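Residue-level structure breakdown
The lines below spell out each chain.
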Amino acid sequence: SFSYGILAIVIIILFLTFLFGRFYCSFICPLGILQEIIGYITNKKAFFYVKNFFKTRYFIALVSFALLFSGWVIAFRFLDPFSNFGAIVSNIFTPIYAKIINLFTNTVIDRTYTIKSFLIGFLPFVVIILLTIWKKRIFCTTICPIGTLLGLCAKFGIFKLHINEKCVKCGKCSTLCYAGCINFKEKNIDNERCIRCMKCIQACPVKSIEYNIFRQKKEVLFDNARRKLLFAGLGAIFAIISFKIGLFAKPSTKSIEKTGGAKTIYPPGAGSPDRFMTKCTSCQLCLNNCKGNIIKAPDLKIDVVHLEYDKGFCQYECNNCSQICPTGALKKLSLTQKQVTRIGMAGFDYSKCIACGICVAKCPTSAIKIVEDIDENRNIDFNGQYCIGCGACEFSCPLPEKAVKIVPIFMQSEADVI
C-alpha cells in the first residue's frame, strides 16, 4: 500500500547511502546486527578478502525485484532480511521469552508454540548461522537483494573508504572486515560491498585508511560480460512481467489452493487469498501485535500467515494487524472499517447446539440471537449479513465439539451494521 511516509524514508535511506555508504546494513538492519553477533560468538579467526560475486549478486537482485514488480513477493519472502528476522524472532525467541515471563511472573503471555512454527524460524536461523560461519556477512554482500540495491548506491556515492600510500600491508584491516571487501595486498576497498562498520579504520596501526570524498581512477563501467548480464537481466524482467500479465491476470485457482483458499481464514484487510499471497512476506509483525493471539505463522500446510481460533478470537476493538503491515498485504483499515470487515462466516451445527446463549453474549455485531418457539424451546437465530467472522462465538462455545465454527470465505467483504 502506497504511503508518502514510507516513500520518504526509502528516499532518505537511499540518499544517505549514496552520500555515506551502506551504514544501514551495520546500524539499522536487524538481521545484519544478528549476523554481527553470531560472527563475534562463533568465529574470531582471521578473515581475508572475499571475491566480488558480481554475477550471483545481481542475478539474485534482478530476479527478486522483477518478481516483486510483477506482483510476486516469493523471492523477498525467503531473502528479505526484515522478514527473515521476523520469522526467527516470532518462532524462536518470542516463545522462549513468553515461557520465561510466565514462569517467573504473574503475567500470562499465551503464544502458540508448535514444531511446525518452530521450523519456520529455525531453518532460516540455521542458514544464517552457517553462512556467517562460512563467510561472515556473505548474506548481506551477495544474497540480500536490498543489500545489492544499497551497494549500487554506495558504489557511485560521495564519501568512500580508501587505502593511501602509508599502508604497510599488515592485513589487520582485512582480518576484521566482516564484509570481506578489503584486499590489503592490492590496497583496495570494495565500497559497493563495504557495510561501513569502520573497524578497519580503528585497526590500522599506521592510519592509512581514510574516509572522505574519493575518486578512483577511471575504469570501464561495463565490460562485455557485464553488458551481457545486464541485457539478460532486463530480458528476464520483461519475460517474467509478460508471464505474469498473460497467465495470472486473474486469480489463479492453483495459487488459491496452495495457500488454503476457502479452507483458510486471513487477517482483516487481506482481501482475497490470491492477493494476500502475492504481497505477504511473512515478516510476522502482525503475529506479534495480535491482541487475540489468533494470527499464526506459515506452516507446512499453509505457506502464508493465517488465522486460527484455538487460542482466542479477533478482538473487536483491535486493528493492529492492518495498521502495522509494511507491505500492503493487509490494507490499512480504520477501527470502524475493521469492525465491519467480514473475514469469515459463522457456521452452526444445530444438532449439537444446546442454546446456552454464551455465543449471543459474546457476539459483538448482534448477529446471533436466542428465540423461543411456540413450545418455549430456545433456539439459535443466526443472521449472516451481520457476521464478521471474528470467532468470538466459536471460541466461547463451551462444548468439547464446537457447535459453531468460523467458515473461510474466498473474498473479504463489508458486513451490514445493525
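For the structure, check the block above.
Read on for an overview of the structure. (Residues numbered from 1 in each chain as written. Predicted model: local features only at pLDDT ≥ 70, side-chain atom pairs only at ≥ 80, totals over all residues. Heavy atoms only, no water.)

In this section: the overall build of the chain. Looking only at helices and strands, the chain features 19 helices and ten strands. With 418 residues in all, the chain has 47% of them scored as buried. Contacts in the chain between residues at least 24 apart in sequence constitute 71% of all its contacts with a sequence separation of at least 6. (Helix = DSSP H or I, 4+ residues; strand = E, 2+ residues; numbered from the N terminus. Buried < 20%, exposed > 50% of the residue type's maximum accessible area, 1.4 Å probe, protein only. Contact = heavy atoms within 4.5 Å.)

Attention shifts here to a nonpolar patch on the surface. A cluster of nonpolar side chains, namely Phe93, Ile96, Ile100, Leu103 and Phe104, defines an oily patch on the protein surface of about 550 Å² accessible area. For phenylalanine 93, a relative accessible area of 37% corresponds to the partly exposed category. (Patch = residues over 30% accessible without salt bridge, like charges linked within 9 Å, V, L, I, M, F, W, Y side chains within 5 Å. Areas by Shrake-Rupley, 256 points an atom, 1.4 Å probe, with all protein chains shown as cover. Salt bridge = Lys/Arg side-chain N within 4 Å of Asp/Glu carboxyl O.)

Where helix H6 (residues 81-104) contacts helix H7 (residues 115-135), the axes come no closer than 8 Å and their chain directions differ by 130 degrees. Accordingly, the angle class assigned to the pair H6 and H7 is oblique. With respect to the hand of their crossing, H6 and H7 are arranged in left-handed fashion. Residues Asn84, Ala87, Ile88, Asn91, Ile92 and Phe93 of H6 lie in contact with H7, whose contacting residues are Ser117, Phe118, Ile120, Gly121, Phe122, Pro124 and Phe125. (Axes fitted to C-alpha atoms, helices over the stretch in contact; angles between N-to-C directions. Parallel < 35°, antiparallel > 145°, perpendicular 65-115°, else oblique. Left-handed = near helix turned anticlockwise from the far one by under 90°.)

Right, let's get into the packing of aromatic side chains. Tallied over the entire structure, the rule returns eleven aromatic pairs. For the pair phenylalanine 159 and tyrosine 211, a centre-to-centre distance of 6.1 Å together with 45 degrees between the ring planes defines the contact as tilted. With phenylalanine 159 in strand E1 (residues 159-163) and tyrosine 211 in strand E4 (residues 209-213), this pair connects stretches of sequence that are 52 residues apart. Using a relative accessible area of 27% as the deciding quantity, one classes phenylalanine 159 as partly exposed. (Phe/Tyr/Trp six-rings, centres within 6.5 Å; stacked < 30°, edge-to-face > 60°.)

Moving on: the packing of helix H3 (residues 30-42) against H7. At a minimum axis separation of 9 Å, H3 and H7 run at an interaxial angle of 55 degrees. With respect to their mutual orientation, H3 and H7 come out oblique. In this structure, H3 meets H7 at a crossing whose hand is right-handed. The residues of H7 that touch H3, namely those facing Leu31, Leu34, Gln35, Ile38, Gly39 and Thr42, are Phe125, Ile128, Ile129, Thr132 and Ile133. A breakdown of the residues in the contact of H3 with H7 according to their chemical character gives seven nonpolar, four polar and no charged. (Nonpolar A, V, L, I, M, F, W, Y, C, P; charged D, E, K, R; others polar.)

The next subject is unusual backbone geometry. In this structure, arginine 196 is a non-glycine residue whose phi angle is positive, near 60 degrees. Mapped onto the elements of the fold, arginine 196 is located in the loop between strand E3 (188-189) and helix H11 (199-203). Given the relative accessible area of 2%, arginine 196 is considered buried. Its identity as a non-glycine residue notwithstanding, lysine 207 has a phi of 55 degrees, on the positive side. Its location among the elements puts lysine 207 in the loop between H11 and E4.

Turning our eyes to something else, we now look at the pattern of salt bridges. All told, the structure shown has seven salt bridges when counted by the stated rule. For glutamate 192, the salt bridge identified is with arginine 57, shortest N-O distance 3.2 Å. Of this pair, glutamate 192 sits in the loop between E3 and H11 while arginine 57 sits in helix H4 (residues 54-69), and the two are 135 residues apart along the sequence. The exposure classification of glutamate 192 matches that of arginine 57, with both residues buried. Here lysine 352 ties to aspartate 349 by a salt bridge, and the two come within 3.9 Å at their closest N and O atoms. Exposure remark for lysine 352: the relative accessible area of 32% places this residue in the partly exposed category. Of the residues examined, aspartate 349 reaches a relative accessible area of 28% and is grouped as partly exposed.

Moving on: the side chain of asparagine 183. Among the structural elements, asparagine 183 can be located in strand E2 (residues 182-183). For asparagine 183, a relative accessible area of 13% translates into the label buried. Beyond its immediate sequence surroundings of up to four residues, asparagine 183 is in contact with Tyr49 and Asn188.

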